[in-house]
Amino acid sequence: MSAAASSPPGEPLLRVEELRVEFPSEDGLVHAVDGITYQVHSGRTLGIVGESGSGKTVSSLTTLGLTRRQGARISGRILFEGQDLVTLPEEQLRAIRGNDVAMIFQDPLSSLHPLYKVGKQLIEAVRAHRDVSKAQARARAVELLGLVGIPDPARRVDEYPHEFSGGMRQRVMIAMALANEPKLLIADEPTTALDVTVQAQILALMERLQRELGMAIVIITHDLGVVAEMADDIAVMYAGRIVETASAARMFAAPEHPYTWGLLRSIPRLNGPREEDLVPIPGTPPSLISRPSGCHFHPRCPYAQPDHARIDPPLEPVPDEPSHHVACLLEPDVRRNLWVQLRAGSTPEQALAEVEPPVAPA
Amino acid sequence: MSEPLVRVRELVKHFPLTRGIIIQRKIGAVRAVDGVSFDIERGETLGIVGETGCGKSTTAKLVMRLLEATSGEIDFEGNDITRLKGAALKAVRREVQMIFQDPYSSLNPRKTVGSIIGEPFAIHKLLGDKGERKREVQRLMETVGLNPEHYNRYPHEFSGGQRQRIGVARALALSPKLLIADEPVSALDVSIQAQVLNLLRDLQRRLGLTLMFIAHDLSVVRHMCDRVAVMYLGKIVEMGPNEALYDFPRHPYTGALLAAVPVADPSLHGNQRRPLGGDVPSPANPPSGCRFHTRCPKAQALCSTQEPALVDKGSGTLVACHYPLTREEVAQIGVRSAR
């Protein structure tokens, strides 16, 4: 139920179906991921956007089988080239992890071992999946460092992580992820810890490597600017669910979910009118242990109606836009009119007053 | 023109690098802030932007007098406060307050919100009467949008955005003349950032605050500030009114920063970006001449030998560059804030 009209025909590389991940805790069951479905094709980029605690990281860790040891209860299917990664035995999963599917994490310093030379760590990544000699693996390590744009790779391969700057460390992480030419790269907030000029370098590098190697990318971020630059398709997550999914162009031009509107109106824009006030989303993200009833967003939604606290909206196609899905109980016409008002700079209250007819309280 | 609230001239802070454990020898210095001059007018918001290690936080700490300047001068209301000590320093500190980046580590978890916000009164021996102090704290809580009934709660009972409000209330307690906000929203979620930014802008308008706003996010700085100073390796490379700087950046570094900001609008992504190459050099051993010349696409021979002065190049900002950007170049590199 995802992807966009522009997505290529044929089987997607990764297809996540009704994935559910729950963690038992002292306070109760944490519903980290609550039945999400999405897919990515080779050569395409899916952006998953959400705030902390929306389940975006847990869903991708689960793809790599990294939540298994934490006692997570996992259901649903994660189909990678036809294999279900949820039920795959650990050894077979290990053969895929770091080989066909690789991941880049947010913090490059804590993801590299401080006591081993960068080269040794790269050689290990290569030799874990390829039956090659140390010398061959080392040559590959040097090649990889060059590929990600580290100057003088033959010398730097023998340096320790602390001798690299933040941006260079993230390049090393990318080199390690690319060691075995993965078909799918999962990048979890790959640039959040970096400065803007370095961020631009890393994003450009990921785009170039995608063009050259044809891999699929899932980029997880809270930064709407980064997804706008990188993604072909976007999924917005809230409280463990996907609440909206569309092509990047459509998500920014005609968003349908009030939470997406809230995100778009709460960031200052580099090219917007400066006097415009930001419109924050009221309240705070809900607890994943005791989630609000009905639509999980209703306590923070300025347009919520009384019955929205009872009815749980499914993710459904938008009328006339089969590739754009949204989980919202408002009427499609009302939603469209509201967004027209909001885009013109109205506050949610003004927009609501403009949109006729006002919905009678139930 | 009236006298500026803060006047900083040729401010320098070098952190010594030493070798040896018992007998420490100085082998060099990290030139964190290396000759910075600026004014902050009453009622204005001055933004300081730059990347990690450019010296923006060190500058804030120097103005706060949390660090001792190596040389240079900081005037507050016309008086040199650079070397004040004891009671005189404490009196100045009443006038300058700070909002910190991390709302989780900057609040004492064992204290109630009431005593955290009331702490400045205790430090400066004001409002000795308990009832009076409580009333004032509750008034502050209301000002920043917190429920005054939560006076006896602890920080962990509040969300990130609310904690940042507690930090703001504490900073406002003594009605300071200058408020320094060091990355006040970078630790917060997107939807929460807007709450805190709106609060600061609202307080700025209502109370006529003078604000020094330090951030790495250029969109946030554009939204908040009247004037902006761009720092690179301990120096101000460009400074000017918000509109002029964002519309027509003259320093190649400012241009590169503005071109690198990802914009949440896919329709703008027509031109391919050419990101700035390389890394920020070490402040312990900054490049000669213009410090940016090692990464600058426009660098000429002169740039590596002669340091450019911060001067007006006719477009409204002060810029330290021998070969400032032209209109055509600004359009070429893809500065999204240019009109």
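As the structure is a prediction and not an experimental result, all values here were calculated from the model.

### Observations concerning the sheet that holds strand 1 (residues 14-25) of chain A
Sheets are built from strands that pair by backbone hydrogen bonding, the pairs being arranged parallel or antiparallel.
Residue and element names in this part refer to chain A.
Moving on, step 1. On the basis of which strands lie adjacent, the open sheet formed by 4 strands has the order 2-1-4-5 and antiparallel pairing. Looking at which strands have only one partner, the edges of the open sheet turn out to be strand 2 (28-40) and strand 5 (83-84).
Moving on, step 2. Sheet topology note: the strand 1/strand 2 ladder contains 10 bridges and is antiparallel. From the neighbouring strand, Leu14 faces strand 2, where its bridge partner is Val40.

### Quick notes on the packing of helix 8 (residues 196-213) of chain A against helix 9 (residues 252-260) of chain B
Moving on, step 1. Between helix 8 of chain A and helix 9 of chain B, whose axes approach to 8 Å, the crossing angle comes to 55°. Here helix 8 of chain A is positioned oblique relative to helix 9 of chain B, judged by the angle of their axes. As for the relative orientation of helix 8 of chain A and helix 9 of chain B, their crossing is left-handed in sense. Taking contact as the criterion, the partners of Val196, Thr197, Gln199 and Ala200 of chain A in helix 8 of chain A are, on helix 9 of chain B, Ala256, Leu257 and Ala260 of chain B.
Moving on, step 2. Residue classes in the contact of helix 8 of chain A with helix 9 of chain B are distributed as 5 nonpolar, 2 polar and no charged.

### What to know about the interface of chain B and chain A
Moving on, step 1. Across the contact, 34 residues belong to chain B and 38 residues belong to chain A.
Moving on, step 2. Elements that contribute at least two residues to the side of chain B that touches chain A include exactly helix 6 (190-207), helix 7 (218-224) and helix 9 of chain B.
Moving on, step 3. Here the element with the most residues in the side of chain B that touches chain A is helix 6 of chain B; it accounts for 7 residues.
Moving on, step 4. For the side of chain B that touches chain A, a count of residues per class yields 15 nonpolar, 12 polar and 7 charged.

### What to know about the nonpolar core
In a soluble, globular protein the nonpolar side chains are often hidden away together inside.
Moving on, step 1. Leu122, Ala175 and Val227 of chain A together with Ala169, Met212, Phe213 and Val230 of chain B are the most contacted members of the largest nonpolar core, which totals 205 residues.
Moving on, step 2. Beyond its immediate stretch of four places on either side in the chain, Ala175 of chain A contacts Leu122, Leu144, Leu145, Leu147 and Val148 of chain A.

### Thoughts on the sheet that holds strand 3 (residues 45-49) of chain B
Residue and element names in this part refer to chain B.
Moving on, step 1. What the 8 strands build is an open sheet, ordered 6-7-8-3-9-10-12-11; its pairing is mixed. Edge positions in the open sheet fall to strand 6 (96-99) and strand 11 (311-312), since each of these has one partner strand only.
Moving on, step 2. Strand direction decides the pairing type here: strand 3 and strand 9 (residues 227-232), joined by 4 bridges, are parallel. Across the sheet, residue Val49 finds its bridge partner in strand 9, namely Val230.

### Structural notes on unusual backbone geometry
Moving on, step 1. Even without a glycine there, the phi angle at Asp320 of chain A is positive, about 70°.
Moving on, step 2. Looking at the element boundaries, Asp320 of chain A is found in the loop between strand 11 (316-318) and strand 12 (321-326).
Moving on, step 3. A positive phi angle is found at Glu77 of chain B, which is not glycine, with a value near 50°.
Moving on, step 4. Relative to the helices and strands, Glu77 of chain B is located in the loop between strand 4 (71-76) and strand 5 (79-80).
Moving on, step 5. Its 15 C-beta neighbours within 10 Å are what place Glu77 of chain B among the partly exposed residues.

### Describing the environment of Leu46 of chain B
Residues and elements named next belong to chain B.
Moving on, step 1. Here Leu46 shows up in strand 3.
Moving on, step 2. Since 23 C-beta atoms lie within 10 Å of it, Leu46 is described here as buried.
Moving on, step 3. The spacing of Leu46 and Asn242 is 196 residues in sequence and 9.3 Å in space, taken between C-alpha atoms.

### Observations concerning the pairing of strand 7 (residues 184-188) of chain A
All names here are of chain A.
Moving on, step 1. In terms of residue burial, strand 7 counts as a mostly covered element, since 4 of its 5 residues are buried.
Moving on, step 2. Examined bridge by bridge, strand 6 (residues 101-104) and strand 7 share 4 bridges and lie parallel to one another. By the bridge assignment for strand 7, Ile104 is matched with Ala187.
Moving on, step 3. Of the pairings in the sheet, the one linking strand 7 to strand 8 (residues 216-221) comprises 5 bridges and is parallel in character. Across the sheet, Ala187 pairs through a bridge with Ile219, a residue of strand 8.
Moving on, step 4. Tracing the backbone out of strand 7, into helix 8 and back to the parallel element strand 8 gives a crossover that is right-handed.

Rules of the game
Residues numbered from 1 in each chain as written. Chains lettered and ligands numbered in written order. Predicted model: local features only at pLDDT ≥ 70, side-chain atom pairs only at ≥ 80, totals over all residues. Pairing = 2+ DSSP bridges. Helix = DSSP H or I, 4+ residues; strand = E, 2+ residues; numbered from the N terminus. Axes fitted to C-alpha atoms, helices over the stretch in contact; angles between N-to-C directions. Parallel < 35°, antiparallel > 145°, perpendicular 65-115°, else oblique. Left-handed = near helix turned anticlockwise from the far one by under 90°. Contact = placed C-beta atoms within 7 Å. Nonpolar A, V, L, I, M, F, W, Y, C, P; charged D, E, K, R; others polar. Core = buried A, V, L, I, M, F, W, Y, C linked by C-beta atoms within 7 Å. Buried ≥ 20, exposed ≤ 12 C-beta atoms within 10 Å, placed from the backbone. Right-handed = clockwise from strand over helix to strand, strands pointing away.

Fair warning: the whole summary comes from geometry, so function is off the table for now.
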